[in-house]
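# Structural features, examined
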2 protein chains.
Amino acid sequence: MAASNILEQPFINITNIIWSFDHTTNRVNILLVKRDNQPYNGYWALPETFMRFQESADEAALRLVKEKIGMALSGSHTEQLATFTNKLRTPGDRTLSLAYMTFLPDKPQLKAGYGASDARWFSMGYADNCYTFSDGQQTFQTAISSTETMFYAKFAKANLDPTKHLAFDHEWILKIACDRIRNKLDYQPNILLVLGAKFTLKDARMVYSPFLKTPVNKIDNSNFKKSHNKLFTDMGTTTENRPGRPARVYKLAAL
Amino acid sequence: MAASNILEQPFINITNIIWSFDHTTNRVNILLVKRDNQPYNGYWALPETFMRFQESADEAALRLVKEKIGMALSGSHTEQLATFTNKLRTPGDRTLSLAYMTFLPDKPQLKAGYGASDARWFSMGYADNCYTFSDGQQTFQTAISSTETMFYAKFAKANLDPTKHLAFDHEWILKIACDRIRNKLDYQPNILLVLGAKFTLKDARMVYSPFLKTPVNKIDNSNFKKSHNKLFTDMGTTTENRPGRPARVYKLAAL
DNA sequence: AGAATAAAAGTTTTCAATACTTTTATTTTT
DNA sequence: AAAAATAAAAGTATTGAAAACTTTTATTCT
C-alpha cells in the first residue's frame, strides 16, 4: 500500500443507469445526458462521476441521481450491476467503471445539468437483437454483440456517429443491465420499483413487456398473477374511476 | 481527469477466489494464503494483488493464479464476481476489491508463496447457515449474515480471532461467491470446469453436493442427467477399470 | 460362477407453467 | 335505466418438466 502504487492505478468512475416509469405513456425510461467535455464531447451517455475518497460507490451513484433530479428521493433503490475494466473501453487513460442501477419511482422532472449540456428521459422499446431507447428525436440501442470480446473488438475499430451511438462502451453496459433485469424478473423484479410503492398487475406487465420483448396483451394476466403470487402482496384496495373492472393493487413482497 | 483527482481515489485491488477439485478425495477446494504483512498480518485470506495500470482486471486475476501455481494454465476460466466497496471493509485507507473467480482444472500443486508465508488448498463442506473450508487443521466459514449492512455492522465491531476468521471482509466475499455459483448451477455451471475437460455424472454431483448442501447419494443420478442434458454433451466414451457399470463421460456443452 | 457394485434406463407421481374460458365489476353509451 | 363495452378477476384444462422411485445392465471383486 505504498504511495508509489497510486499512480500505477487506473482511474475509477461510477456509472449509473437510472430507471423510471412514465404513467401517462406506460413506458419504462432511462436517463441519458449529453456530454460537454472530452472525450466523447457532444455524445449522449449514461450519467457518470468520479468517485470521491470519502464516499462509498453506492453513495456516489446516489449523488449522480441527486444532481440530475434534485431533492431527496424516497423509495429509490440502488444496486450494483458490474465493473467494466476492458482495456479498450476508454481512449486515453485507463478508467474502470463501477456500474450501478437506480430504480426511481415514477418519472421525476429533470433539473438543469451539471457537467452536461442536456439531460433527458429516453423511453424503452425493443427490436429483434437489442433494446432501444428513444426521446422522440433520437434512438439509441443496446449492443448487439453477445460476448465482451466481440463487442470491444468492433468498438475499438469503429468511429461512432454521435447521433446513433452512445459514448464509450455505454451500449455494452446498457445491454448487460437489460439482460440482468430480464434474468431477475422471475425471482427479484426490483425493476418494478419504478412503479412506486403500489401497482396493478397491468402496470407490472407494462414494465415486463419490453424486457420480455412481448406486447402487454400477450402476457396473460391470470398466469402472470399465479406465477408472481409469492413476489407480490395484495394490498386489499382496488383502482377507481377507470373503465372496466377495478384492478387489485399490489406491492412488492419483502424479500 | 486532472491529476488532482488521483489522490482522492480509493485504492483498487483484485481478489481472486481460485477453485479446484481433488480427484482423490472428491472435494471442491479453494486457495487461501497466509498474509505476512499489515493489515491482518498472520491471517488467512483470499489471494489479492494491487492492480497495475497496464493490465486489465482479468489479467491481474490471472497473474495471481500464476504466482501461486506457476506455469501456464490451460483450461482455466476466470469470471467477475462483484466489486466490494463498503467503507468499513478496510481499517485504514479505503480500498475497493474487484473480486474474480478462477476455475482451475483438477488440483495443481502449490508453489512457494509471493507475499504470503503459506498457501494451501482448503476443501469445501457445508453447515446449516454457511459453507465451510478446511485444510485438516483449521476451518473457516462463509459469512452468516444475509445482508451486506448486517455483515459490515458486526464486522466493524468485531476483533477477529485469526484461527477462526479470514482477513478483511473475505468471509462475506466468499459467501457471495458460493451463492453466485449455486444460483448458476441450473443454467451455467462453470464451476464444473474444476473437473477438467471431461467428467462423469457422479463427478458433477460431487461438485454440486456442497453447494446444494446435499450428500451426493441423495442427488438422484437419473434425474440429474435429465435436468442437465442440454448443458452436458455425451462424449461417447465410458470410464474403465472401476467397480460397477462404466460411467458415461460428458463435457460442458458450449454456451 | 456368483456376489457386489455402480451406473444407465425406465416408470410413475406430483406440481407448476401455459393456454384457454367464464364470471364479475365497473364505465360508457343509448 | 338498460344495454353495451371494457377490463380485470377467477376458474378450468392441458402440458411438460421435476422429483421419487424401480428395474435393468455392465463391470469388478471374491
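Computed from a prediction, not measured in an experiment: that's the story for all the values here.

### What about the protein's contact with DNA strand D?
- In the region of DNA strand D, 21 residues are neighbours, and Asn221(A), Ser222(A), Lys225(A), Lys226(A) and Asn223(B) sit closest.
- In DNA strand D, atoms within 4 Å of the protein come from the sugar-phosphate backbone in 55% of cases.
- Mapped onto the surface near DNA strand D, the elements with two or more residues apiece are α4 (201–212) and α5 (221–227) of chain A together with α5 (221–228) of chain B.
- Looking at the surface near DNA strand D, the element that brings in the most residues is α5(A), giving 4 residues.

### Some details on the pairing of strand β1 (residues 11–22) of chain A
Residue and element names in this part refer to chain A.
- Where burial is concerned, most of β1 is hidden: 12 out of the 12 residues are buried.
- Burial along β1 is two-sided: the face carrying Phe-11, Asn-13, Thr-15, Ile-17, Trp-19 and Phe-21 and the face carrying Ile-12, Ile-14, Asn-16, Ile-18, Ser-20 and Asp-22 are both buried.
- The sheet contact formed by β1 and strand β6 (residues 95–103) spans 9 bridges and is parallel. Paired with Asn-13 across the strands is Ser-97, a residue of β6.
- Both β1 and strand β4 (residues 48–50) contribute to a ladder of 3 bridges, which runs antiparallel. Note on β4: the bridge partner recorded for Asn-13 is Phe-50.
- Two strands pair when backbone bridges link them, and β1 and strand β2 (residues 27–35) are joined in this way by 4 bridges, in the antiparallel orientation. Paired with Trp-19 across the strands is Ile-30, a residue of β2.

### Quick look at the domain arrangement of chain A
All names here are of chain A.
- Domain boundaries assigned for chain A yield domain 1 (10–183) and domain 2 (198–252).
- Look at where the C-alpha atoms of domain 1 and domain 2 centre, and you get two points 28 Å apart.
- Taken together, the contacts link 14 residues of domain 1 with 8 residues of domain 2.
- Across the interface of domain 1 and domain 2, roughly 960 Å² is buried in total on both sides, 73% from carbon and sulfur atoms.

### Here's the deal with the UniProt feature "domain: NrtR DNA-binding winged helix" (unreviewed entry) in chain A
- Mapped onto the present numbering, the UniProt feature "domain: NrtR DNA-binding winged helix" (unreviewed entry) falls on residues 194–252 of chain A.
- In residues 194–252 of chain A, the share of helix is 32% and the share of strand is 20%. The end C-alpha atoms are 11 Å apart.

### Section: the protein's contact with DNA strand C
- In the region of DNA strand C, 20 residues are neighbours, and Asn223(A), Asn221(B), Ser222(B), Lys225(B) and Lys226(B) sit closest.
- With respect to DNA strand C, the side chain of Arg245(A) contributes an N or O atom lying 3.2 Å from a base oxygen.
- A distance of 3.1 Å separates a phosphate oxygen of DNA strand C from a polar side-chain atom of Arg248(B).
- Secondary structure elements with two or more residues in the surface near DNA strand C: α5 of chain A together with α4 (201–212) and α5 of chain B.

### Observations regarding the side chain of Ser209(A)
- Along the chain, the position of Ser209(A) falls in helix α4.
- Once you skip the residues sitting within four places of it in the chain, Ser209(A) turns out to touch Tyr126(A), Thr214(A), Pro215(A), Val216(A) and Ile219(A).

### Considering the interface of chain B and chain A
- Across the boundary between the two partners, chain B contributes 30 residues, which contact 30 residues of chain A.
- Counting the surface lost from both chain B and chain A, the interface buries some 3,100 Å², and carbon and sulfur atoms represent 61% of this.
- At the boundary of chain B with chain A, the tally comes to 2 salt bridges.
- A salt bridge links Glu59(A) to Lys87(B); the shortest N-O distance between them is 3.3 Å.
- Across the chain B-chain A interface, the total number found is 7 residue pairs in polar contact (both at pLDDT 80 or more).
- For the side of chain B that touches chain A, the secondary structure elements donating two or more residues are β1 (11–22), α1 (57–69), β5 (77–84) and β6 (95–103) of chain B.
- When its residues are assigned to classes, the side of chain B that touches chain A shows 14 nonpolar, 8 polar and 8 charged.

Calculation rules
- Residues numbered from 1 in each chain as written.
- Chains lettered and ligands numbered in written order.
- Predicted model: local features only at pLDDT ≥ 70, side-chain atom pairs only at ≥ 80, totals over all residues.
- Heavy atoms only, no water.
- Near = heavy atom within 4 Å.
- Helix = DSSP H or I, 4+ residues; strand = E, 2+ residues; numbered from the N terminus.
- Buried < 20%, exposed > 50% of the residue type's maximum accessible area, 1.4 Å probe, protein only.
- Pairing = 2+ DSSP bridges.
- Domains from an automatic or database assignment.
- Contact = heavy atoms within 4.5 Å.
- Buried area = accessible area lost by both parts, 1.4 Å probe.
- UniProt positions renumbered as here; feature names shortened; annotations may be inferred.
- Polar contact = N/O pair within 3.5 Å; in protein donor to acceptor, adjacent residues only side chain to side chain.
- Salt bridge = Lys/Arg side-chain N within 4 Å of Asp/Glu carboxyl O.
- Nonpolar A, V, L, I, M, F, W, Y, C, P; charged D, E, K, R; others polar.

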